[in-house]
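One letter stands for each residue in the lines below.
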Amino acid sequence: MDDEYIGQVRRTAAAMAEKLTALRRHLHAYPEISWQEVETSRLIASKLEEIGLKPRIGTTGKPVGVVADLVCGGDAKPCVALRADIDALAFGEESDLEYRSLNSGAMHACGHDAHITMLLGAAEILYSMKDRLRGQVRFIFQPAEEHGLISGAEAMIKDGVLEGVDAIAGMHLWSHVPSGRVQWRCGPVMASSDVWEVRFQGKGGHGAMPQKTVDPTVIAANFILALQTIVSREIDPLQTCVISAGKFHCGDVTNVIPNTAELSGNVRTFSLDVRDSAEAALVRIAKSVAETYRGSAETKYIYVYPHPVNNDPALAELFRDVAVQVVGGDNVEESPMLMTSEDFSFYQTQVPGVFFFLGSGDPEKETTAPHHSSRFNVDDAVLPAGVSLLASFAGAALEKLGEK
Ligand SMILES: [Zn+2]
Ligand SMILES: [Zn+2]
């Protein structure tokens, strides 16, 4: 992308700094959890209308999620989509910030308030520069990234949000990365995520007469240990997989052997083959361990975000070049692969996409608390850079795709 375009984007974004901070803090004060982002969606739509766009609210019949199209000079091809997630998490905020959450039991603890703000900023800039671009930009404000079981991305795709889209980009703030640093990566960057549940059926009885029972606690304990051999003994050591048990419940009384033990946990990988092997091994081990100790097992394996976030190499490299122009080469680095997951992966199964990161951690401003912590906060000084990255990448991607 030519320096003049990037320069104008950066100057316009810098001039918006105060407005961006005010909007981000307003959104922070009124968080709404997954599938309940009604007021958030209304606010986004009204801001898009102010810009001059015609937003559409709604996802699978619910009044959440917003999409708007900007047709630049020429026709509507190619089409580049920019996506922001808009939901908050279902826990209260622990802070004395003047803009702390006013909606009890909800908090923007992942930075999605900033994601909304930055995409609205990019929409305003791209609208003002639309005569310099050819093609279409689709702005996607997606609900329910954090839900874990009913993905907003998957729902929006079913509604047709990717129809006509040639490429998609998304960005996430990272509080563990210093403010202003940009991270990118080709290929897989975030893991797939599945949930497993196992229910061991034993036969309860008196804690002092184990010979008359089938103890599901012993079965479950053996299962947890055997589970450790999937990654260490069954998966190719050069592949990556995490299997964790997060929940283990059996019994409530000290001298009673319970009837059942219930466990559940998570599997994360970067490869569908590895995921399938892990699933098969988990089911097999649950069944055989239960049988060894005279019990039985029921297992459930749920594909939550079944694909890794997998960046298209050409788009990722295009993004890196744009990022170097926007924030300077010293501030751009390759991202490590992460075992966290993101439902942006659903879009990438349909169209080429790139997902990148912008650091927002500044110890002096106390913005380094982990994502999903009740003391999470965003360094608002990075908002103009985020706006510039999105607007610059959209311009560069339209130019690149238009060459074909
Ligand atoms: Zn999150
Ligand atoms: Zn997030």
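Parameters and conventions
Residues numbered from 1 in each chain as written. Chains lettered and ligands numbered in written order. Predicted model: local features only at pLDDT ≥ 70, side-chain atom pairs only at ≥ 80, totals over all residues. Core = buried A, V, L, I, M, F, W, Y, C linked by C-beta atoms within 7 Å. Buried ≥ 20, exposed ≤ 12 C-beta atoms within 10 Å, placed from the backbone. Helix = DSSP H or I, 4+ residues; strand = E, 2+ residues; numbered from the N terminus. Contact = placed C-beta atoms within 7 Å. Expected span 1.5 Å × (residues − 1). Axes fitted to C-alpha atoms, helices over the stretch in contact; angles between N-to-C directions. Parallel < 35°, antiparallel > 145°, perpendicular 65-115°, else oblique. Left-handed = near helix turned anticlockwise from the far one by under 90°. Nonpolar A, V, L, I, M, F, W, Y, C, P; charged D, E, K, R; others polar. Domains from an automatic or database assignment. Pairing = 2+ DSSP bridges.

1. What about the nonpolar core?
The tendency in soluble globular proteins is for nonpolar side chains to be buried side by side.
Logical step 1: Counting residues in each nonpolar core, the largest one holds 84 residues, and the members touching the most others are L82, L119, A122, F319, V387, L390 and A394.
Logical step 2: The dominant element in this core, judged by the number of residues it contributes, is helix α10 (residues 383-403), at eleven residues.
Logical step 3: Leave out the neighbours within four places in its chain, and L390 touches L82, M118, L119, A122 and M171.
Logical step 4: One finds L227, V274, L282 and A297 within the second-largest nonpolar core, a separate group that totals 22 residues.

2. Notes on helix α7 (residues 272-292)
Logical step 1: Counted at 1.5 Å a residue, the expected span for α7 with its 21 residues is 30 Å, and the 30 Å between its end C-alpha atoms agrees.
Logical step 2: Close packing links the buried residues of α7 with β8 (192-201), α6 (216-234), β10 (241-249), β12 (260-269) and β13 (296-305).
Logical step 3: Following α7 by one or two positions, R294 has its phi on the positive side, about 70°.

3. Considerations on the packing of helix α4 (residues 112-128) against α10
Logical step 1: Contact geometry for α4 and α10: axes closest at 8 Å, N-to-C directions at 50°. One element, α4, and the other, α10, form an angle in the oblique class. The hand of the α4/α10 crossing is right-handed. Side by side, α4 and α10 meet where A114, T117, M118, L119, G121, A122, I125 and L126 of the first sit next to L383, G386, V387, L390, A391 and A394 of the second.
Logical step 2: Here the contact of α4 with α10 is composed, by residue class, of eleven nonpolar, three polar and no charged.

4. Describing unusual backbone geometry
Generally, phi is negative for residues other than glycine and the peptide bonds are trans, each holding for most cases.
Logical step 1: Of note, the phi angle at R294 is positive, near 70°, even though the residue is not glycine.
Logical step 2: You can see R294 is positioned in the loop between α7 and β13.
Logical step 3: Unlike most non-glycine residues, E366 shows phi in positive territory, near 55°.
Logical step 4: Along the chain, E366 turns up in the loop between β16 (353-361) and α10.
Logical step 5: Residue classification places E366 among the partly exposed residues on the basis of 13 C-beta atoms within 10 Å.

5. A few points about the domain arrangement of the protein
Logical step 1: Each domain of the protein was delimited in the assignment, giving domain 1 (3-189 + 308-403) and domain 2 (192-305).
Logical step 2: With centres defined by C-alpha atoms, the gap from domain 1 to domain 2 works out at 38 Å.
Logical step 3: Within the side of domain 1 that touches domain 2, the residues separate by chemical class into five nonpolar, four polar and one charged.

6. So, the sheet that holds strand β15 (residues 332-334)
Logical step 1: With respect to topology, eight strands assemble into an open sheet ordered β1-β2-β4-β3-β5-β16-β6-β15, the strand pairing being mixed. The open sheet is flanked by β1 (56-59) and β15, the only strands paired with a single partner. Each adjacent strand pair in this sheet contributes to an overall mean axis angle of 30°, direction not counted.
Logical step 2: Pairing analysis gives two bridges linking strand β6 (residues 182-184) to β16, with the strands arranged antiparallel. Residue pairing in the sheet places V182 in a bridge with L358 of β16.
Logical step 3: Strands in contact with helix α3 (residues 38-51) are β1, β2 (62-71) and β4 (136-142); relative to β2, the strand with the most contacts, it is inclined by about 20°.

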